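Topology and contacts: notes
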Amino acid sequence: MNRRPRVTYSVLESPPVSMAPVSAAGEAAWPVNSAAILDENEIVQFSIKPSLWFVVAVSYKVVLVALLLCGLTWIAGQRSGLGPWTSSVMSFWMALAAARVAVAAMQWASRLY
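First, a word on scope: everything that follows refers to the structure included in this document. Please read these numbers as outputs of a predicted model, since none were measured by experiment. (Residues numbered from 1 in each chain as written. Predicted model: local features only at pLDDT ≥ 70, side-chain atom pairs only at ≥ 80, totals over all residues. Heavy atoms only, no water.)

1. Regarding the overall build of the protein chain
A count of helices and strands for the protein chain gives three helices and zero strands. Written out in order from the N terminus, the α and β elements of the protein chain read α-α-α. In the protein chain, which comprises 113 residues, the share counted as buried stands at 12%. Counting contacts in the protein chain only where the partners sit at least 6 residues apart, residues at least 24 apart contribute 64% of the total. Accessible surface computed for the protein chain: about 9600 Å², of which carbon and sulfur atoms make up 65%. (Helix = DSSP H or I, 4+ residues; strand = E, 2+ residues; numbered from the N terminus. Buried < 20%, exposed > 50% of the residue type's maximum accessible area, 1.4 Å probe, protein only. Contact = heavy atoms within 4.5 Å. Areas by Shrake-Rupley, 256 points an atom, 1.4 Å probe, with all protein chains shown as cover.)

2. What about a nonpolar patch on the surface?
A cluster of nonpolar side chains, contributed by Trp53, Val56, Tyr60, Leu64, Leu67 and Met94, occupies part of the molecular surface with about 640 Å² of accessible area. With respect to the helices and strands, the residue Val56 is situated in helix 2 (residues 53-80). Take Val56: its relative accessible area is 43%, and that puts it in the partly exposed class. (Patch = residues over 30% accessible without salt bridge, like charges linked within 9 Å, V, L, I, M, F, W, Y side chains within 5 Å. Salt bridge = Lys/Arg side-chain N within 4 Å of Asp/Glu carboxyl O.)

3. Some remarks on helix 3 (residues 83-110)
Given a rise of 1.5 Å per residue, 28 residues ought to cover 40 Å, and the 41 Å separating the end C-alpha atoms of helix 3 matches this to within 8%. Of the surrounding elements, those touching the buried residues of helix 3 are helix 2. (Expected span 1.5 Å × (residues − 1).)

4. Here we look at the packing of aromatic side chains
If you walk through the whole model with that rule in mind, you get one aromatic pair. The ring of Trp108 carries Lys49 above its face, with NZ or CZ at 4.8 Å from the centroid. (Phe/Tyr/Trp six-rings, centres within 6.5 Å; stacked < 30°, edge-to-face > 60°. Lys NZ or Arg CZ within 6 Å of the ring centre and 35° of its normal.)

5. A short note on the environment of Leu68
The topology assignment puts Leu68 in helix 2. Residues Leu68 and Trp93, 25 residues apart in the sequence, show an inter-C-alpha distance of 9.3 Å.

6. Overview of the side chain of Thr73
Relative to the elements of secondary structure, Thr73 occurs in helix 2. A relative accessible area of 10% means that Thr73 is categorised as buried. Within the local environment of Thr73, its side chain forms a polar contact with the backbone oxygen of Leu69, the two atoms lying 2.6 Å apart. Residues contacting Thr73, with those up to four places away along its chain left out, are Trp85, Thr86, Val89, Met90 and Trp93. (Polar contact = N/O pair within 3.5 Å; in protein donor to acceptor, adjacent residues only side chain to side chain.)

Dropping the structure here:
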């Protein structure tokens, strides 16, 4: 079993210049030259996803507006006495916010850089 040792560094230490594991003979344990690893027709694809904070960053405006409108609807309902109507409208604003978060989550899931 070929295992690489786990190396941790404290805040005051700096990592060594070469992070490649070294074999007993002194050479690097894996080849550095990509031609030695890849065949002639292989392509390297570097795909990364954005952070999950993407969902928050994209949808926070709609969620804040929906919360504000929920609050205003609740206040208007308390002053006018329209109880069932108020809860229906507040449910609509929350459903709108939840839909925006769901769309942002689907955008995050399908996004690659």
